[in-house]
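Residue strings, one per chain:
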Amino acid sequence: MLKLGAMRWTRALAPLIDVVFPPRCPLCGAPLAQHGGLCVACWQGLSIPGDPCCSRCQRPLPDRSADQGAEAALARADAAQGAWICAPCMAEPPRHHGIAAATLYNDVSRHLVLAFKHGRRLGLADLMVRLMVARLPALPGEWLVVPVPLHRWRLWQRGFNQSALLAGGIARALGQPLLVDGLHRPRATPPLGHLGRTQRAALLQGAVRANAARRAQIKGAQVLLVDDVMTSGATTDACIAALRKAGARAVRIACFARVIDDTQAIAPRAMPDPQAAEPTQNAGTETTGTQNTGTQNTGTENTMAPEA
Ligand SMILES: [Zn+2]
Ligand SMILES: [Zn+2]
């Protein structure tokens, strides 16, 4: 009732809000027709995983009609579902039951994530959730929506868990239960950006645990694990191990941006930020992502994808 009233007010005030805060693209500042989206140029800059792509990791696969030689690298693992699996996933089958990535990590998605996470533009969550939900396959039955946890120190620094915000939006959109504290991170880990896969996995050993008070809910459940940026998969692997240990039956991953290969996460050009002058923006305090969304500091940015 209260929510409905609030919605009615928001709608009634919309023209006034548009006059005071004209709709602008949150990434580049271009004027928009209405709030809540991106400008055409920024939309076009987002890289949405297309077909064909690996059903497990969303790695784009070569078009078979264009490259017959690629056939050898592919295997039709599940003919019934027509699911394609890439060579790396064939060689080392992932522990999850599939990833749905809203975007492939590039300049635009990186800028969006940084504005959301370090620039505290929490309003971007709605847009990110919409894009994430659009990429999810039909999920029959009940799926517990569980965010990748932050260590409490990181949570205290940032003030919010970006994955938990996304998980909340996804749970609402899907009408599925949210288990925001299903996992926790009892041990802080150093920045993983510069490390190889094996080193990341070793550092994350035991760093994520299932919440003992939530084990009964996790046991036998299907879990949709939510992450903002998925890099090597070391963090999500640690989450999956903890969920499996607690008895989860299946784990799928929903992420906003998928780094297909670490070399992708090289320094991109800085995009102008329309709210760069805002004094409240304080985005440069983190060790894993020292990027400041506001300034054009191309030279000093941490170039790796933030995996935290
Ligand atoms: Zn834009
Ligand atoms: Zn794959």
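Residues numbered from 1 in each chain as written. Chains lettered and ligands numbered in written order. Predicted model: local features only at pLDDT ≥ 70, side-chain atom pairs only at ≥ 80, totals over all residues.

Draft legend 1. Spotlight on the overall build of the chain. Helices and strands together make up the secondary structure of the chain, namely 10 helices and 8 strands. Residues counted as buried form 37% of the 308 residues belonging to the chain. At a minimum sequence separation of 6, the contacts of the chain that also span at least 24 residues come to 73%. (Helix = DSSP H or I, 4+ residues; strand = E, 2+ residues; numbered from the N terminus. Buried ≥ 20, exposed ≤ 12 C-beta atoms within 10 Å, placed from the backbone. Contact = placed C-beta atoms within 7 Å.)

Draft legend 2. Molecular detail of the nonpolar core. Core analysis: the biggest nonpolar cluster contains 67 residues, and Val145, Val223, Leu225, Val226 and Leu243 have the highest contact counts within it. Every residue in contact with Val145, bar those within four places of it in the chain, is listed here: Ala167, Ile170, Ala171, Gln176, Pro177, Leu178, Leu179, Leu224 and Val226. (Core = buried A, V, L, I, M, F, W, Y, C linked by C-beta atoms within 7 Å.)

Draft legend 3. Layout of the packing of helix α8 (residues 197-204) against helix α10 (residues 234-245). Packing of α8 against α10 brings their axes to within 9 Å, and their N-to-C directions diverge by 40 degrees. Between α8 and α10, the angle falls in the class oblique. Taken as a pair, α8 and α10 cross one another with a handedness that is right-handed. For the pair α8 and α10, the contacting residues are Arg197, Arg200, Ala201 and Leu204 in the first and Ala234, Thr235, Asp237 and Ala238 in the second. (Axes fitted to C-alpha atoms, helices over the stretch in contact; angles between N-to-C directions. Parallel < 35°, antiparallel > 145°, perpendicular 65-115°, else oblique. Left-handed = near helix turned anticlockwise from the far one by under 90°.)

Draft legend 4. Here's a closer look at the pairing of strand β4 (residues 143-147). Burial within β4 is extensive, with 5 of its 5 residues counted as buried. Along β4, one buried face is formed by Trp143, Val145 and Pro147 and the opposite face, lined by Leu144 and Val146, is buried too. Sheet analysis places β4 next to strand β7 (residues 222-230), joined by 5 bridges and oriented parallel. Its bridge partner being in β7, Val145 is matched across the sheet by Leu224. (Pairing = 2+ DSSP bridges.)

Draft legend 5. Just the confidence of the model for the chain, in detail. For the chain, per-residue confidence averages 77 on the pLDDT scale, and 70% of positions sit at 70 or higher. No element of the chain has a lower mean pLDDT than strand β1 (residues 75-78), at 41, and none a higher one than β4, at 98. Taken together, the stretch residues 65-81 has pLDDT below 50 and engages in 13 contacts with residues farther than four places along the chain or on a different chain. Counting contacts from residues 263-308, a segment whose pLDDT is below 50, to residues more than four positions away or on other chains yields 81 contacts. (pLDDT = per-residue confidence, 0-100.)

Draft legend 6. Focus on unusual backbone geometry. Not every positive phi belongs to a glycine, and Arg120 is a case in point at roughly 55 degrees. Here Arg120 lies in the loop between α4 (107-117) and α5 (124-135). A tally of 18 C-beta atoms within 10 Å means that Arg120 is categorised as partly exposed.

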